[in-house]
Amino acid sequence: MRIFGSIPWLALSSGLLSISETRAQSSSPSQWPLHDNGLNDVVQWDHYSFKIDGKRLFVFSGEIHYWRIPVPDVWDDLLEKIKAAGFTACKSPITLRQFRLMATSQSPFMEIGRGIARTTRPSTLQPAPTISSAFSRRRNASASMLLSDQDRMLMQRQTLEDSHYGSRRVPTASSATTTHVMPQHGTRISLNTPQLPASIL
Amino acid sequence: MTNGGNAFVYQIENEYGQQWKDTAKKIPDEPSGRYMAALEASARANGIDVPLIHNDPNMNSKSWSQDFAPNATGNVDVAGLDSYPSCWSCNLEECTGTNGEYVAYQVINYYDHFTETSPTQPSFFPEFQGGSYNPWGGPEGGCPADIGADFANIFYRNLISQRVTAISLYMMYGGTNWGAFAAPVVATSYDYSSPISENRKIDSKYYETKNLALFTRVAEDLTVTNRLGNSTAYSTNPAVEASELRNPETKAAFYVTIHAQSSSPTTESFRLHVSTSIGNLTIPQRSGSIVLKGHQSKILVTDFSIGNQTLTYSTAEVLTYALVDGKPVVVLWTGIGESVEFHVKNARSGTMQSGSGSNATFHQDSHGVTASVSAVSGMTVLKFDNNVQVVVADKPTAYLFWAPNLSNDPFSLVDKSILVQGPYLVRDVTVDGSALLLTGDVSKDTVVEVFAPVDFTSLTWNGKDVSATRTAYGTLKASIASFSGNISLPSLNSWKVHDTLPERLASYDDSGIAWVEANHETTPNPTKPETLPVLYVDDYGFHNSFHLFRGYFEGSATAVKLSVQGGLAFGWSAWLNGEFVGSYLGNSSVGAGNLTLPLTNATLNANGTNVLLVAQDNTGHDLRAEAVQPRGILSASLEGGAAFTKWKITGEVNGERAQLDPVRGPLNEGGLTAERLGWHLPGFDDSAWNSSAPSTGFVGAGILFYRTVIPLDIPSDVDASFAFVLNAPASDKLRVQLFVNGYQYARFNPLVGNERRFPVPPGVLNYAGDNTIGLSIWSQAAEEAKVDVKLETEYVVESSWSSRFESKDLRPEWTKERLNYA
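The rules behind each value
Residue numbers run consecutively from 1 along every chain, following the written order of its sequence. A letter from A marks each chain and a number from 1 marks each ligand, given out in the order of writing. Per-residue local features of the predicted model are confined to residues with pLDDT of at least 70, and side-chain atom pairs are confined, for both listing and counting, to 80 or more; whole-chain, interface and lining totals are unaffected and use all residues. For two strands to be treated as a pair, DSSP must find at least two bridges joining them. Secondary structure is summarised from DSSP: a helix means a run of H or I of at least four residues, a strand means a run of E of at least two, and numbering begins at the N terminus for each. What a helix is expected to span follows from its residue count: subtract one and scale by 1.5 Å. The exposure label follows from counting other C-beta atoms within 10 Å of a residue's C-beta, where the C-beta atoms are placed from the backbone and the thresholds are 20 or more for buried and 12 or fewer for exposed, leaving partly exposed in between. Contact between two residues is assigned when their C-beta atoms, built from the backbone, lie within 7 Å. Residues of type Ala, Val, Leu, Ile, Met, Phe, Trp, Tyr and Cys that are buried and joined through C-beta atoms within 7 Å form what is called a nonpolar core. These domain limits were set by an automatic method or by a database of domain assignments. Only the contacting stretch of a helix is used when fitting its axis, a line to C-alpha atoms as for every element, and angles between N-to-C directions run 0 to 180 degrees. Any angle that falls under 35 degrees is termed roughly parallel, while one over 145 is termed roughly antiparallel, one within 65 to 115 roughly perpendicular, and all others oblique. The sense of a crossing depends on the near helix, which, turned anticlockwise from the far helix by less than a right angle, makes the crossing left-handed and, turned clockwise, makes it right-handed. Scored from 0 to 100, pLDDT records how confident the predictor is in each individual residue.

1. Points about the sheet that holds strand β38 (residues 559–565) of chain B
All names here are of chain B.
- Read across the sheet, four strands follow the order β36-β43-β38-β41 without closing on themselves; strand pairing throughout is antiparallel. Edge strands, defined here as strands with exactly one partner in the open sheet, are β36 (535–536) and β41 (592–598).
- Where β36 lies against strand β43 (residues 632–639), two bridges are found, and the strand directions are antiparallel. Bridge pairing in β43 links Leu535 to Ile633.

2. Looking at helix α4 (residues 149–161) of chain B
Residues and elements named next belong to chain B.
- Compared with an ideal rise of 1.5 Å per residue, which puts 13 residues at 18 Å, α4 spans 18 Å between its outermost C-alpha atoms and is within 8% of the ideal.
- With 13 of 13 residues buried, α4 lies mostly within the body of the structure.
- Of the residues one or two after α4, Arg163 is the one with positive phi, at around 75 degrees.

3. Digging into the pairing of strand β12 (residues 272–276) of chain B
All names here are of chain B.
- For β12, a buried count of five out of five residues is recorded, marking the element as mostly surrounded by other parts of the structure.
- In β12, alternate side chains face the same way, and those of Leu272, Val274 and Thr276 on one face and His273 and Ser275 on the other are all buried.
- In terms of strand pairing, β12 meets strand β13 (residues 279–283) through five bridges, oriented antiparallel. Counted as the bridge partner of His273 is Thr282 from β13.
- The loop that links β12 with its antiparallel partner β13 comprises two residues.

4. Things to note about the environment of B:Lys251
All names here are of chain B.
- Take Lys251: it is sitting in the loop between β9 (240–246) and β10 (253–259).
- Look at Lys251 and you get partly exposed, because 13 C-beta atoms sit within 10 Å.
- In sequence terms Lys251 and Asp303 are 52 residues apart; their C-alpha atoms lie 7.3 Å from each other.
- Discounting chain neighbours no more than four positions away, the residues touching Lys251 are Arg246, Ser277 and Asp303.

5. What to know about the nonpolar core
- In this structure, B:Val330, B:Leu332 and B:Leu738 are the most contacted members of the largest nonpolar core, which totals 266 residues.
- Each residue touching B:Leu332, except ones within four places of it in the same chain, is listed here: B:Ser314, B:Ala316, B:Glu317, B:Val318, B:Leu319, B:Val340, B:Phe342, B:Val390, B:Val391 and B:Val392.

6. A word on the domain arrangement of chain B
- Per the domain assignment, the segments making up chain B are domain 1 (10–200), domain 2 (217–400), domain 3 (418–482), domain 4 (502–650) and domain 5 (672–821).
- Measuring from the centre of the C-alpha atoms in domain 3 of chain B to the corresponding centre in domain 4 of chain B gives 64 Å.

7. Re the packing of α4(B) against helix α5 (residues 204–218) of chain B
All names here are of chain B.
- Closest axis-to-axis distance for the α4/α5 pair is 7 Å, and the angle between their directions is 25 degrees. One way to sum up the angle between α4 and α5 is to call them roughly parallel. Along this stretch, α4 crosses α5, giving a crossing that reads as right-handed. Facing Ala149, Ala152, Asn153, Tyr156 and Arg157 of α4, the residues of α5 in contact are Ser204, Lys205, Glu208, Thr209 and Leu212.

8. So, the sheet that holds strand β50 (residues 743–748) of chain B
Residue and element names in this part refer to chain B.
- Sheet architecture is open: six strands sit in the order β45-β34-β47-β52-β49-β50, paired in antiparallel fashion. Of all strands in the sheet, those with a lone pairing partner are β45 (690–691) and β50, marking the two edges.
- As defined by bridge partners, strand β49 (residues 734–740) adjoins β50 across five bridges and the pair is classed as antiparallel. Paired with Gln737 across the bridge in β50 is Arg747.

9. Regarding the confidence of the model for chain B
- Averaged over all residues, the pLDDT of chain B equals 96, while 99% of them reach at least 70.
- Note on the complex model: pTM 0.90, ipTM 0.97.

Printed below as a string of C-alpha cells:
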C-alpha cells in the first residue's frame, strides 16, 4: 500500500484539491497512448482501461475450468450465475483448436463457447490455450471428453509420434508439439506445450 | 471479437515469468523470449488477432511488458499480474516464499509495480485470488475462514483503490478433480473456496462479490481515474485511510476506505473529507458516521452520475443504479443499523416512500437535498422531486438485490436494467408484452420486488404467473413459492462385492493384453533408476491413478527393498505369492516411499518361481519443472539370494493406445482389475457376485470392489445438488475410490486426507433413473476395513435451471471388449 506521506488534514488549508495538485500527477486520457495490436482496433487499451468497440469496459471476470465439471448442461448454470453477479467477462483455458472453431461456431465440442455466448454478453470470453498451466492445470489435462472421436484419434496419433518425455500424461488436445518452438529449454518444453500441431488444425 | 465471437484477449502462457536472466539489468533469457515469440506467432498464424496477454506469476519477474522493455522478444500486447495475497493453498507455508509471512487480510501494494512495469496499460490481473486450493491433509471443507466474504470485500476493493480496471478471479467456480485430474498438491475437491461452491451453491462470498461487480458494471467513471492520494488524512479517524480516485474528465471521485492497517479487525467510525462539485465536505455533514465493521472496505462516491442527475456523495456504498422510465433509481447499501447520509444534486425536496425502522430526514441547500436515514433496516425507498429514487438497503437485503438486463450488451445499459430484490438468485429477465419474465432460484418462500418501467404490469417467475401488485411507489411485488416437495434419497445398503486384486496370486495369468513387459534398460527421464529394468509407469504408457507391478524371481530371498514414487499422499502395498508383506501408508507431504520388507514370514517357493505384486496409486505428476519426476518403482532389489528376472506392468486400459471410454475420457480410470474390466460401469452384470456391503467390510490387506444400483427421481422444476459422504469407522489405513456411473468422483484416503464429503454433479448422477455406484476399498493393513457410504442432499432450490436433463450420453455402459483386459 502506497502512502502519500502523512498529511495532517488541518494542514491542508486549501482543501483536498491541494492533494491533487501537489501530490500526484493528474493526467488525462489525451496524455496517454491508446494502444492496439496493429491487427485491429476492436480491442484497445491505455493507461486506464480496456476499450472494446471504442467503449471503456471495467473487466470483472471469473475463471472456470469446465473439465472440472464434465457435464455441458451444467455449464449454463455456472455461466448464468457468473453473469447474474454482474461480471462483464469470464475466463477459461481452451485449446487452440477450440478457439479457432469457436469463431466459426462449427465445432461439435464447443459447447463451452456456445454457453458463454448464450449466457454472457458478447466480448466476454477470455481464453487461454494453457489448459496445462499452473499446478493441476499444468498437467495437460484438457477436457478431451469434449472431443469427437475423430479428433481424439488424431491427437492420440500425434501423441504417439511425439517422442517427448515429461508431464504429457495422456493424449489430449493440449499435448504435443513445442518441440520445435522452444528448443533447448529444459523441461519447459514438455510442461508448456499448449498448441495443437498445425497438422490437425 | 474481431470475427464476431466474444473473446477479447488471448493468454498465450501462464505464470511464465522467465523473460530475464537478470531483471534489474534487463538481461534477457533468450530461449524464453523465443519461446514466447513462437507462441505468439502460432496464435497469429492461426488467425487469432485479439490482444495477446500473459499472467506474470509475481512482482519480481517483470516479464513480457512492452513498457518495461520496449520491443523485447516475447513481449505480449497487454501485460498482467497474478497475485494470491492470502495464499493459493490452505497450506500457508506454500506461499511464504512469494508473499512473506502470512497475515490475514494484509493487502499488498501493486500500484508501484504497475507504475514501473506497465504504465501505459491497464492495471490488469488475469488472475487474482478467488480462493485457495486444499492440499492433501488440509482441513475438511477447505479453509474458507480468511478467504470468505470479508476477503472478497476487502481485497477486490483494494485492487480498485490501486486503479485496477481488469480483474479475473481464480477461481470463480473450482469444481472437482475427478478421475486423475488432480496434481499431487490437491485432493479430489477443487472447491477452492470460490464464490460459487463445488456443489454450485452460492452464499455470502458470491453475494459480496456480486455487490461489487454490480457496482463496477455501472460506475463508468471508474474506468478512467487517477489516484490522487492515499492517506489517513482523508479520515477523521487515524485508523482509517482512503484512496482518492478521480476521473479527470467528469471529476467524479471514488474514495476507497479501509483500515489503515488492513489486517485490523476493529470496528471504526469516521467521517470522510471529500472534494465535490459543491465544495469540500466532511461527510456525513449532519449526524452519524461511516462505519468499517471488522474486515471491511467501502467505496464511497462523489459526483456519481446517475443518468442526467448526480449523486453528490453518499456515506453508503452504491450497489447499482438503473434508469427506469428514464428516471434514476439508485440502490445504496450499508450494514444493518448503520446510518447513511447522501446528497442529491439539484433536488429541492424529498420524501420517504417506504421503509421500516427510522424515518428519513431531508435538508435542502442551495445545491440540492441532503437525506439521512439514522438506522438502516431492510429497505427504505426515498423519492426526490427531480425524479431521483433512492433505495437504501441493509446488507442482507442488498445481498439479494439483482440487476438483470433486457439487453445482451456487456456494457452497462442502465436504461435496460431491471432491479429485482428478494430471490436467492435472479438469472435473467425477458419481456413478453406487458409482462416481465423473470428466471432464477428461490430457496424459501420469497417476496420479490421489481423496479421496472411502468408499462410492465405483470410478472412471471420461471414461466409461472405470479400475481404482482403495484406498490404506491411504483414497484411490482409478488410472492414466489419455494419447492415444497420432499426428496427422499435411497440408502445404500444392498451391495455386491468381488475381489479386485487377483494379480497378487502366483497363479494369476498376466499374459493378456492389459499387461506390458517392463524390459526397458534405458529411459529418457532425467532421473535414472537405481535398478533395471526401468519400472517407471509413464515409460510404458500408463499414467493414471493406479498401477500394478508383478516381479518374478526364482528361489529364496529374505527381504525385498523397494523405492516407489507416486506423488504426495500416495501409497503402495506388496504381496508375495498372494500373501501380504507390507504397505507404505502415505503422507500428505511425501511423494515417495522406501521400505525393506522381510519375506521371512511369507511362503516362498524356494525351488521355483515367486511373484511379488506391488500395487501403488498415483496422485499425478508434480508441478512445473518437477513434472518429470518419475512415477513407479525407482528401485527394486531382493536380499538373501535371488534377483528379479522379469517384471510386468499394468495400468489404465490400453495406456496411450485407443480409448475404450471416449466419453469419460483418458483420465477417468486407473489400472485396478475392476477398472480394466469395467466393473465401475453401468450395465456390468454382477449377478454372480456375493452380496456384502462396504459397511460390513472385510478383514485383511487386499482390495475389494463393491457395486450397488440406486434409483433417483428428482423433480424437474428444481436445481438439486447431492454429495456422497464416506466414513471409515474401523481401520483408517484405507485407500478408497468412489465411482458414480463410471466416473471416479472421490479419492477417500482417511489416513492422509480429511475430505469425506464429495459432491457429484447432475449428469454424472442420473436424476431420472438408476445409478451404478462402485467403491474400491484398498485396505493397506491386516485390520478390519469398513466404509459407510451415504448420499446426502446439499441443497434444493426451485429453479429455472433444471438439474434434471437428458444426459444418458454421458454415461455409456459396459461393453464386452472389457473382458480382454483381465
